[in-house]
Amino acid sequence: MTRLTIARIASDSMLGTGLYEDRIVMHSPKALPADWTVDQAVVRSLRSPLPGTHRLPLGKVASAPASARRLIGRALYPRDAVVHRMSLELPPSPHADVLTLHDVVAWKYPDESAPVPAAAEEIRRAAAVVCVSAFSAAEAVDLLGIDPPHVVHNGVDERFFDAAPATPADLRSVGVPSPFVLTTGGASERKNLAGLAAAWPLVHATRPELTLVLTGPPHPRRTALFAHLPNVVLAGLVDAGLVPHLIAAAEAVVVPSLYEGFGFPALEGMATGVPVVAANTSSLPEVVGDGALLVAPDAHSIAEGIIDATGDDPEVQRVAARGRARADHFTWERSLAGHASVWTSVAEGR
C-alpha cells in the first residue's frame, strides 16, 4: 500500500484556495490506483474551533527557522507517506514533500500576507511543486529559482455549467436588482478594484440601467472605492449554493485583476455561459483563451469592455459560447489526473 497524506490548515472558506483544497481532498481517492490510501493532516491553531487532526501554534511554526520546521514536519507526518502540503505555512515533510504554489503574490504585493521566511528554501527542496497555471510556474522559476514545476490547471464545479439564472426572489434576497454585471472575490490591491471603480462612472454614463454588484468578504478598501458610486451593490458573502445562479443571472462577469495565479471567477463565468470581461494580465489569457473579452486593466479599457459585453453585438454571444466550450476542458477529474501523476512519480522515485 502507498499512502498519500494531504496536509491543510483548517478553514471553512470555499473561496479560491479553499475550494481547490476541498476538491483535491474529495476527488483524490478516485484518481489514484487501488493500492493507494488517502488521509488528511488538518492542522488547527491552538484556539481554532474548527475540526482537525492536529493543533499547532501556526504563527510560530510559520516564522520558525527551516531546521526547526523540518523537525516539526518529521513529527507531524507519517514516515511512509507522500505528503502534499496545501499551505506554505505548514512545515515540510522530510520524506516525500509535495506542495502547491498557487502564485507568488506574497513576494510581490505588500498588502498580501508576508511570505513564510523558510518558504523559498523549502520550495527548492521539495520533491515536487504543483502550480495551477503556466504563468504561475514561470513566475516561481524566475522569482524563486526553482526547477520548472508541474503545471496542473484547476477545474470548475459541475454546478456552474449552464446554471439556471437566479430567480427575481433570490436576487431580492441579496439586494441585487436587474440588470447587473458582477465582480466576485477579494479586495487586495492586485484585484484592481481601483481600476473598476474608475471605470464604473464611464459605464454608468452609457448604461445607466446597469448595476454593478460586488461579492466577497467585507473589506474597507472595497467600501471606500464604491460606496459613493451610483448603481453599486456591495452584496458581501453570498451563500455558495446561490453563486452559480447569481453568475448566470448577470449580464457579464468582470475580472479586472492585475495579477491572478489562476482566476476562478473568469472560469466560473465562462462555465455558466455569460460574457466574461477579463484583464489581459497574468494567468487570465491562459485560462480564458478566446472565450472572453480581454481588455487592458485601465479604467477606459475596462469600461469599454463592460459596455461591449452588455450591448447587442452578436460577436459577444459568440465569445460567450467559446468560453462555455472552453470551460468544458477544465474539469476536476482532469486536474486530479494531473495531481495523481505527480504523486505516483514522487512515490516511484522516493
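Residues numbered from 1 in each chain as written. Predicted model: local features only at pLDDT ≥ 70, side-chain atom pairs only at ≥ 80, totals over all residues. Heavy atoms only, no water.

**Comments concerning the sheet that holds strand E9 (residues 211-215)**
- Strand order in the open sheet formed by six strands is E10-E9-E8-E11-E12-E13, with parallel pairing between adjacent strands. Sheet topology places strand E10 (232-236) and strand E13 (293-295) at the edges, where each strand pairs with a single neighbour. Each strand of the sheet is rotated relative to its neighbour by a mean of 25°, with strand direction disregarded.
- One ladder, built from two bridges, connects strand E8 (residues 180-183) with strand E11 (residues 252-255); its direction is parallel. For valine 181, the partnering residue across the bridge sits in E11 and is alanine 252.
- The sheet strands contacting helix H13 (residues 299-309) are E8, E11, strand E12 (276-279) and E13, and the helix crosses E13 at an angle near 165°. (Pairing = 2+ DSSP bridges. Helix = DSSP H or I, 4+ residues; strand = E, 2+ residues; numbered from the N terminus. Axes fitted to C-alpha atoms, helices over the stretch in contact; angles between N-to-C directions. Contact = heavy atoms within 4.5 Å.)

**Observations concerning the UniProt feature "domain: Glycosyltransferase subfamily 4-like N-terminal" (unreviewed entry) in the protein**
- UniProt's entry tags residues 98-158 with the feature "domain: Glycosyltransferase subfamily 4-like N-terminal" (unreviewed entry), counted in the numbering of this structure.
- Taken end to end, residues 98-158 comprises 36% helix and 16% strand; its first and last C-alpha atoms sit 27 Å apart. (UniProt positions renumbered as here; feature names shortened; annotations may be inferred.)

**Some details on the packing of helix H8 (residues 193-206) against H13**
- For the pair H8 and H13, the least separation of the axes is 8 Å and the interaxial angle reads 45°. Taken together, the axes of H8 and H13 are oblique relative to one another. Crossing handedness for the pair H8 and H13: right-handed. Note on element contacts: H13 touches H8 through Ala299, His300, Ile302, Ala303, Ile306 and Ile307, opposite Gly195, Leu196, Ala198, Ala199, Leu202, Val203 and Thr206.
- A breakdown of the residues in the contact of H8 with H13 according to their chemical character gives ten nonpolar, three polar and no charged. (Parallel < 35°, antiparallel > 145°, perpendicular 65-115°, else oblique. Left-handed = near helix turned anticlockwise from the far one by under 90°. Nonpolar A, V, L, I, M, F, W, Y, C, P; charged D, E, K, R; others polar.)

**A look at the pairing of E12**
- Along E12, one buried face is formed by Val276 and Ala278 and the opposite face, lined by Val277 and Ala279, is buried too.
- Relative to E12, E11 is paired through three bridges, and the arrangement is parallel. Across the sheet, the residue bridging to valine 254 is valine 277, located in E12.
- As a crossover connection, the stretch from E11 through helix H11 (residues 264-272) into E12 is right-handed. (Buried < 20%, exposed > 50% of the residue type's maximum accessible area, 1.4 Å probe, protein only. Right-handed = clockwise from strand over helix to strand, strands pointing away.)

**Let's talk about the domain arrangement of the protein**
- According to the domain assignment, the protein contains domain 1 (2-155 + 331-348) and domain 2 (158-328).
- On the domain 2 side, the residues contacting the 23 residues of domain 1 number 19 residues.
- For the pair domain 1 and domain 2, the two sides together bury roughly 1700 Å², of which 59% comes from carbon and sulfur.
- By the criterion of area lost to domain 2, the three top residues of domain 1 are Tyr109, Asp111 and Phe135, representing 32% of everything that side buries.
- Counting across the domain 1 and domain 2 interface gives two salt bridges. (Domains from an automatic or database assignment. Buried area = accessible area lost by both parts, 1.4 Å probe. Salt bridge = Lys/Arg side-chain N within 4 Å of Asp/Glu carboxyl O.)

**What about the packing of H11 against helix H14 (residues 314-327)?**
- Close contact between H11 and H14 brings their axes to 7 Å; oriented N to C, the two are set at 105°. In terms of their interaxial angle, H11 and H14 are classed as roughly perpendicular. Of the residues in H14, those touching H11 at Leu267, Met270 and Ala271 are Gly323, Arg324, Arg326 and Ala327.

**Quick word on the packing of aromatic side chains**
- Inspection of every chain in the model, using the stated rule, returns six aromatic pairs.
- Judged by centre distance (5.2 Å) and plane angle (65°), the ring pair of phenylalanine 135 and tyrosine 259 falls under edge-to-face. Linking phenylalanine 135 in helix H6 (residues 134-144) with tyrosine 259 in the loop between E11 and H11, this pair joins segments that are 124 residues apart in sequence.
- When its relative accessible area of 3% is taken as the criterion, tyrosine 259 is described as buried.
- Taken together, a centroid distance of 6.2 Å and an interplanar angle of 65° make the contact between phenylalanine 262 and phenylalanine 330 edge-to-face. (Phe/Tyr/Trp six-rings, centres within 6.5 Å; stacked < 30°, edge-to-face > 60°.)

**Quick notes on the side chain of arginine 69**
- Residue position: arginine 69 is located in helix H3 (residues 66-76).
- Beyond its immediate chain neighbours, meaning those up to four positions away, arginine 69 contacts Val61, Ala62, Ala64, Arg85, Leu88, Glu89, Leu90, Pro91, Pro92, Val116, Ala118 and Glu122.

**Concerning empty space enclosed by the protein**
- Following the criterion strictly, the structure yields one cavity of 30 Å³ or more and no others.
- Its boundaries defined by the atoms lining it, the largest cavity holds a volume of some 70 Å³.
- Around the largest cavity, the lining residues are Thr183, Thr184, Gly185, Gly186, Lys191, Leu193, Val254, Val255, Pro256, Ser257, Glu260 and Pro265.
- Class assignment of the residues belonging to the lining of the largest cavity gives a composition of five nonpolar, five polar and two charged. (1 Å grid on protein atoms, 1.4 Å probe; cavity = no way out; pocket = protein on both sides within 12 Å on 5 of 7 lines; lining within 4 Å. Points joined across faces, edges and corners; volume = space filled by probe spheres on them.)

**Description of the sheet that holds strand E1 (residues 2-9)**
- Across the sheet, which stays open at both edges, the seven strands sit in the order E3-E2-E1-E4-E5-E6-E7 with parallel pairing between neighbours. Only two strands of the sheet have a single neighbouring strand rather than two, namely strand E3 (54-55) and strand E7 (150-151).
- The sheet contact formed by strand E6 (residues 128-131) and E7 spans two bridges and is parallel. Paired with cysteine 131 across the two strands is valine 151, which belongs to E7.
- Against the sheet, helix H1 (residues 17-31) engages E1, strand E2 (36-44), strand E4 (81-85) and strand E5 (97-101), with an angle of about 160° to E1.
- H6 contacts E5, E6 and E7 of the sheet and is inclined by roughly 130° relative to E6.

**Comments concerning the layout of surface pockets**
- Here the second largest pocket is characterised by a volume of approximately 170 Å³.
- Taken together, Arg70, Pro92, Ser93, Pro94, His95, Ala96, Asp97, Glu122, Arg125, Ala126 and Ala127 make up the full set of residues lining the second largest pocket.
- Taken together, the residues of the lining of the second largest pocket break down into five nonpolar, two polar and four charged.

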